[in-house]
Amino acid sequence: MRVDLHGDITIHPLPGGIPAGIELKPARDIVIAGAKSSPHTIRGEILFAERNGGFFVRVMKSTSVDHSTRHNDIILTKGDHFAHPQRERGDGQDQAVAD
Amino acid sequence: MSNTILTELTQKQEALTDVVVKKYMEIVEKPRGGMELTADDPDIVNVVKLIYRCCDKAAPKDIRIVDSIRAANRLADTLLDPGYTASPNGCLVAEVAWVARYDYYHLIQVLSDSEYADTQTIERALFKVWDCVLLDECAILVRHPTEIHRDEQGRPHRKDGPAIVWKSCCEYKDRPGVVIPGEYVWHGVIVNQQIIEAPETVTPEQYAALNADQKRAFGERFGWANVADMLKAKAVESAVIDGLEYELLAADNGERWLKMQSPILKDGSQPYHVEKTHEDIRTVAGARKWRVAYDPIRDYWWTPEECEEDPSLVVGQHA
């Protein structure tokens, strides 16, 4: 398994592409986590669909993922990806790591 | 709209940038919470009128000055209809960055007096009002704090008390009788009084309820050895993977925790934090995999057993 990590966000490359049937919408500077506290933002124009607690993202041109306060930028290359929060153990069940 | 386009600054114009920075930095370096402030102060009246005008509303006649954001929320709750709650608008001190920039443009005459007039109304109020809760029939304005403590990077921070102190504070709504003197912040991370002033009283359940940044702050405040003791956990495996330190902690009750070192952050630090992992995880590599092992095509999270059987994980970028 190969991933990129940005704080508590995992980004999976999707070499096989986003599954057919998932409708993608255009967006600009989309916040993928930490909206109320310290946002992780994919810069520029992309196509996305929110699914299962994360985001399918289609990047047309390499861009950056940045963080408002702590984490340095990473690069999101052209192609399809899925971004989601990492998990931790809650009270007897799994939960998304709260940013 | 001005048609002036500047391609470079004169020495005098460059020097004015320091003047503007110094002017607005005074807001945090010399908190003005002690100054006298009344609802009929012209700067207060004018900024209220401006903000409501921008929202196509008539400014209310009822303007009240309170000592803290919590007091503003409490007052708003008493004025609102049942079922409604209010929160601060984040106006005024949060506007300082762009106001400072427009102030500078006005100083170097890129903006005329008339173009700067409305911003100047906000500028004047910035030095008197910290935040506001704006209702249809009442404008609640929060005076500045009396103390602001910061770390060497300028972030709110204090290790032995509230980083932001108000002139007076009020009770927590859900904890009657408990008066908190201000806001507790650890290197820019908002935490609660308990974490800063009584970390030894934090329970494992309270620790688990903290978000990632707060867990990090707590560990730095309390010390990670103390966190492990609090969790009644001992290290069962240590490893260095991709240059970062990891430790799997196991508690007598079967709980498992992964202590992780961060990659280098923007401020140059590499803090640790401790997160709870699955109780069936046995190794550092398994715990590291378990955090991220999700198949988005199948919408499937790997089980702890699968993560232990195949703990391989290639991390490309890590920030």
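The model shown is predicted, which means the values in this text are computed figures rather than measured ones.

Visitor: Is there a simple way to explain the interface of chain B and chain A in this structure?
Guide: When the parts of a complex come together, some accessible area is lost, and that lost area is often used as the size of the interface. Between chain B and chain A, the residue contacts involve 37 residues of the former and 38 residues of the latter. When residues of chain B are sorted by the area they lose upon contact with chain A, K266, Q317 and A319 of chain B head the list and together hold 22% of the total. Linking R70 of chain A and D213 of chain B is a salt bridge whose minimum nitrogen-to-oxygen distance equals 3.5 Å. Here chain B and chain A share 20 residue pairs in polar contact (both at pLDDT 80 or more) between them. Those elements giving two or more residues to the side of chain B that touches chain A turn out to be α8 (212-222), β13 (272-277), α10 (284-292) and β16 (314-318) of chain B. When residues in the side of chain B that touches chain A are grouped by element, the largest group, five residues, is from β16 of chain B. Taken together, the three bridges between strand β1 (residues 2-6) of chain A and β16 of chain B define a ladder with parallel strand orientation. Bridge pairing in β16 of chain B links R2 of chain A to V314 of chain B.

Visitor: Explain the sheet that holds strand β10 (residues 233-241) of chain B to me, please; I cannot follow it from the model alone.
Guide: Backbone hydrogen bonds hold the strands of a sheet together, and the pairing may be parallel or antiparallel. Residues and elements named next belong to chain B. The strand order across the open sheet formed by four strands is β10-β11-β12-β13, and the pairing between neighbours is antiparallel. Two strands in the sheet have a free side with no partner beyond their single neighbour: β10 and β13. Sheet twist, expressed as the mean angle between neighbouring strand axes with direction ignored, is 20 degrees. As judged from the eight bridges shared by β10 and strand β11 (residues 244-251), these two strands associate in the antiparallel manner. When the bridges of β11 are listed, A235 appears paired with L249.

Criteria and thresholds
- Just so you know, the residues in each chain are numbered from 1, in the order the chain's sequence is written.
- All chains are assigned letters beginning with A, and all ligands numbers beginning with 1, in the order in which they are written.
- Totals for whole chains, interfaces and linings use every residue, but because this is a predicted model, local features are given only for residues with pLDDT of at least 70 and side-chain atom pairs only at 80 or more, for both listing and counting.
- Derived side-chain values reflect all non-hydrogen atoms in the structure, with water molecules and hydrogen atoms excluded from consideration.
- Residues count as neighbours in contact if any of their non-hydrogen atoms are within 4.5 Å of one another.
- As used here, buried area is the combined drop in accessible area, with a 1.4 Å probe, of two parts when they are placed together.
- In what follows, salt bridge is the name for a side-chain nitrogen of Lys or Arg lying within 4 Å of a carboxyl oxygen of Asp or Glu.
- Think of a polar contact as two N or O atoms within 3.5 Å of one another; within protein, one of them needs to be a possible hydrogen donor and the other a possible acceptor, and neighboring residues in sequence only count if both atoms come from side chains.
- Labels follow the DSSP assignment, with helices taken as runs of H or I lasting at least four residues and strands as runs of E lasting at least two, numbered in each case from the N terminus.
- Whether two strands pair comes down to DSSP finding at least two bridges between them.
- Comment: axis = line fitted to C-alpha atoms, over the contacting stretch for helices; angle = value between 0 and 180 degrees taken between N-to-C directions.

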